[in-house]
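Listed below, chain by chain, are the residues.
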Amino acid sequence: MLVAGGVAQAQTLSSVCDNSGFLAAQRAFENGGIKRDVPVHVCGKVIALSRRAKRTRSGWHGYFYMDVGNGVSIRIVSDLDEMNAPDWPWVTKGDNAEVVGRYYYDAPRRQGVDWTHHGTGRSWEVPGYVSINGMKYQ
């Protein structure tokens, strides 16, 4: 992932899981070095999940937490209205997960990865996905 002047360059998103790049971006956010959301490609074990989907102003969402190493876990937000997936939850604790999406950092306790679906928009141009034990949901 290349971050120049706080703006992520989407075309440099790694085609393979890059947890070290994610951890570097997280540190940069915490230190005030990055101001805008960045594309990430992370993987790890599911350590917790919300069993019920939650309705927000942008639709139904499923949430889980994934261990990305170095004692760090991150919240993964899945827009269930946009994804081609079975009814929530389609993830369980202990599953292997791979996620491409938008890393946002609002505060130390308000951060996560969203835009984990195939769609793009004016505000986000990188299509995402969630792969659970090799089954890809977009």
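The coordinates are above.
How each quantity is defined
- Residues numbered from 1 in each chain as written.
- Predicted model: local features only at pLDDT ≥ 70, side-chain atom pairs only at ≥ 80, totals over all residues.
- Heavy atoms only, no water.
- Helix = DSSP H or I, 4+ residues; strand = E, 2+ residues; numbered from the N terminus.
- Rg over C-alpha atoms; globule rule 2.2 N^0.38 Å.
- Contact = heavy atoms within 4.5 Å.
- Areas by Shrake-Rupley, 256 points an atom, 1.4 Å probe, with all protein chains shown as cover.
- Buried < 20%, exposed > 50% of the residue type's maximum accessible area, 1.4 Å probe, protein only.
- Polar contact = N/O pair within 3.5 Å; in protein donor to acceptor, adjacent residues only side chain to side chain.
- Salt bridge = Lys/Arg side-chain N within 4 Å of Asp/Glu carboxyl O.
- Pairing = 2+ DSSP bridges.

## Considering the overall build of the chain
Okay, so step 1: Counting its regular elements, the chain contains one helix and 10 strands.
Okay, so step 2: Starting at the N terminus and walking to the C terminus, you meet the elements of the chain as β-β-α-β-β-β-β-β-β-β-β.
Okay, so step 3: In terms of overall size, the chain behaves like a compact globule, its C-alpha atoms giving a radius of gyration of 14 Å where 138 residues would be expected to give roughly 14 Å.
Okay, so step 4: Principal-axis analysis of the C-alpha atoms gives the chain an extent of 40 × 35 × 25 Å.
Okay, so step 5: Of all intrachain contacts in the chain linking residues separated by at least 6 positions in sequence, the fraction that spans at least 24 positions is 56%.
Okay, so step 6: Accessible surface for the chain amounts to roughly 7,600 Å². Of this, 45% is attributable to carbon and sulfur atoms.

## Details of unusual backbone geometry
Okay, so step 1: The step from W88 to P89 runs through a cis peptide bond, and the omega angle for that step is 0°.
Okay, so step 2: Of note, P89 is situated in the loop between β6 (72–79) and β7 (96–107).
Okay, so step 3: Residue W115 is not a glycine yet carries a positive backbone phi of 50°.
Okay, so step 4: Among the structural elements, W115 can be located in the loop between β8 (110–114) and β9 (129–132).

## What about the environment of K35?
Okay, so step 1: Assignment of secondary structure puts K35 in the loop between α1 (19–30) and β3 (38–49).
Okay, so step 2: Of the residues examined, K35 reaches a relative accessible area of 65% and is grouped as exposed.
Okay, so step 3: Separated by 68 residues in sequence, K35 and Y103 place their C-alpha atoms 11 Å apart.
Okay, so step 4: Here the side chain of K35 touches G32 through a polar contact of 3.0 Å, landing on its backbone oxygen.

## Some words on the pattern of salt bridges
Okay, so step 1: Summed over all chains, the structure comprises two salt bridges.
Okay, so step 2: Of the charged contacts, one joins D37 and R102 as a salt bridge, the two residues approaching to 3.5 Å between their closest N and O atoms. Note that D37 is positioned in the loop between α1 and β3 and R102 in strand β7, a separation of 65 residues in sequence.
Okay, so step 3: In this structure R102 comes out as buried when scored by relative accessible area, which is 14%.

## Describing the side chain of S78
Okay, so step 1: Summarising the element assignment, S78 is placed in strand β6.
Okay, so step 2: Exposure remark for S78: the relative accessible area of 0% places this residue in the buried category.
Okay, so step 3: The residues contacting S78, other than those within four sequence positions of it, are W60, H61, G62, F64, M83, W90, T116 and V130.

## Quick word on the pairing of β9
Okay, so step 1: Alternating residues of β9 divide into Y129 and S131 and V130 and I132, and every residue in both groups is buried.
Okay, so step 2: Pairing analysis gives four bridges linking β7 to β9, with the strands arranged antiparallel. Bridge assignment links V100 to a residue of β9, and that residue is Y129.
Okay, so step 3: In this structure, β9 lies alongside strand β10 (residues 135–137), joined through three bridges in antiparallel fashion. The residue bridging S131 from the neighbouring strand is K136, located in β10.
Okay, so step 4: Counting the residues between successive antiparallel strands, the hairpin from β9 to β10 contains two residues, one of them, N133, with a positive phi of roughly 50°.

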